[in-house]
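The primary structure of each chain is shown beneath.
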Amino acid sequence: MRLPTGDSLLVQIMDAAFSEAATSAGKLLVCKPGCSQCCHGAFVLNPLDTLRLRAGMDTIRVSDPAQAARVEGRARAWIAEHGAEFPGDVQTGVLGDSKIEMERFEDFDNEAACPALDPDTGKCDLYAWRPMTCRVFGPPVRMGEGEEIGHCELCFIGADKAKVAACEMTIPYDLEAELLDEIPLKEQTVVAFALLE
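Throughout what follows, the structure given in this document is the object of discussion. (Residues numbered from 1 in each chain as written. Predicted model: local features only at pLDDT ≥ 70, side-chain atom pairs only at ≥ 80, totals over all residues. Heavy atoms only, no water.)

It is worth spelling out the environment of Lys-186 at this point. The residue Lys-186 is located in the loop between helix H7 (173–182) and helix H8 (191–194) in this model. Each C-alpha atom of the pair Lys-186 and Ile-157 lies 39 Å from the other, and the pair is 29 residues apart in sequence. Those residues within four positions of Lys-186 in sequence are excluded, and the remaining contacts are Pro-47, Leu-180 and Asp-181. A polar atom in the side chain of Lys-186 sits 2.7 Å from the backbone oxygen of Ile-183. (Helix = DSSP H or I, 4+ residues; strand = E, 2+ residues; numbered from the N terminus. Contact = heavy atoms within 4.5 Å. Polar contact = N/O pair within 3.5 Å; in protein donor to acceptor, adjacent residues only side chain to side chain.)

The residue Asp-109 is located in the loop between helix H4 (99–106) and strand E3 (117–118) in this model. Buried charged residue Asp-109 carries no salt bridge. Nearest counter-charge: Arg-104, at 12 Å. In terms of polar contacts, Asp-109 uses its side chain to reach the backbone amide nitrogen of Ala-112, at 3.3 Å. The residues touching Asp-109, leaving out its near neighbours within four places in the chain, are Gly-41, Ala-42, Trp-78 and His-82. (Buried < 20%, exposed > 50% of the residue type's maximum accessible area, 1.4 Å probe, protein only. Lys, Arg positive; Asp, Glu negative; His and termini not counted. Salt bridge = Lys/Arg side-chain N within 4 Å of Asp/Glu carboxyl O.)

A surface patch of negative charge is lined by Asp-174, Glu-178, Asp-181 and Glu-182. Tracing the sequence through the fold places Asp-174 in helix H7. (Patch = residues over 30% accessible without salt bridge, like charges linked within 9 Å, V, L, I, M, F, W, Y side chains within 5 Å. Areas by Shrake-Rupley, 256 points an atom, 1.4 Å probe, with all protein chains shown as cover. Charge placed at Lys NZ, Arg CZ, Asp CG, Glu CD.)

With that settled, consider the side chain of Asp-7. Within the element layout of this structure, Asp-7 appears in helix H1 (residues 7–25). Classification of Asp-7 by relative accessible area gives buried; the value is 4%. For Asp-7, the residues in contact, after removing those within four places along its chain, are Leu-48, Arg-52 and Leu-179.

Tallied over the full model, the rule gives five aromatic pairs. For the ring pair Trp-78 and Phe-193, a centre distance of 6.4 Å and an interplane angle of 85° mean the geometry is edge-to-face. Taken as a pair, Trp-78 in helix H3 (residues 65–82) and Phe-193 in helix H8 lie far apart in primary sequence, 115 residues in all. Here Trp-78 and Phe-193 have matching classes, each one buried. Ring centres of Phe-105 and Phe-108 lie 6.0 Å apart, and the angle between their planes is 35°; on these two criteria the pair is classed as tilted. By the burial criterion, Phe-105 is buried, and Phe-108 matches it. Each member of the aromatic cluster is reached from another via a ring pair, and the members are Trp-78, Phe-86, Phe-105, Phe-108 and Phe-193. (Phe/Tyr/Trp six-rings, centres within 6.5 Å; stacked < 30°, edge-to-face > 60°.)

On to H3, then. Its 18 residues give H3 an end-to-end C-alpha distance of 25 Å, which sits within 8% of 26 Å, the value for a rise of 1.5 Å per residue. Those residues of H3 that sit buried are Gln-67, Ala-68, Val-71, Glu-72, Ala-75, Trp-78, Ile-79 and His-82. Along H3, the residues classed as buried sweep out an arc of 135° about the axis, all on the same side. The exposed residues of H3 that point more than 90 degrees off its buried face are Pro-65, Ala-80 and Glu-81. Buried residues belonging to H3 abut helix H2 (47–63) and H8. (Expected span 1.5 Å × (residues − 1). Arc of directions from axis to C-beta.)

As a further point, take the packing of H1 against H7. Running from N to C, H1 and H7 cross one another at 160°; their axes reach a closest spacing of 10 Å. Considering the angle they form, H1 stands roughly antiparallel to H7. H1 and H7 meet at a crossing whose hand is left-handed. Where H1 approaches H7, its residues Asp-7, Leu-9, Leu-10 and Ile-13 are matched on the opposing element by Leu-175, Glu-176 and Leu-179. Taken together, the residues that form the contact of H1 with H7 break down as five nonpolar, no polar and two charged. (Axes fitted to C-alpha atoms, helices over the stretch in contact; angles between N-to-C directions. Parallel < 35°, antiparallel > 145°, perpendicular 65-115°, else oblique. Left-handed = near helix turned anticlockwise from the far one by under 90°. Nonpolar A, V, L, I, M, F, W, Y, C, P; charged D, E, K, R; others polar.)

Limitation: the analysis is restricted to geometry and does not speak to function.
Listed below in structure tokens is the structure:
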């Protein structure tokens, strides 16, 4: 299954929005290569994020097989360590959608490093293909209409609410929803499972 062609536009829009937010924030946004606090803890991957990560893995399997093998090894190790508690099907990697499974996910694997994170450099081995959750972490983001703005706890230290609001990153939720409608894959998963063939 391939990524929708519009995903490249979504990524461009997101990268531009992050750049604009970073320019507005200046030194208040402390995100930089090697800062990896946001790379710990499992989060839900939608099918578009899954396909993007798989496209990244396909690319590095060709361009750098050794790097791909390291990423796959970390993904397998993550599943071996956390699979027994995974709130879904550990064979397929599909997250469960029952109320109980969703509640279990809230407390699932909140500390473990993402398998895409290189522990030696503190950098993401799949940065160009990272999920939307990773692309919005850091700057102020409003996750829904009328909701409070959130940002990385390491950023915007000492900034007042007006300054934070002035640096808000706009997310193209409508475009992402359109792209999700284009793909037949509907199941959700986590990064470790998305990285494996």
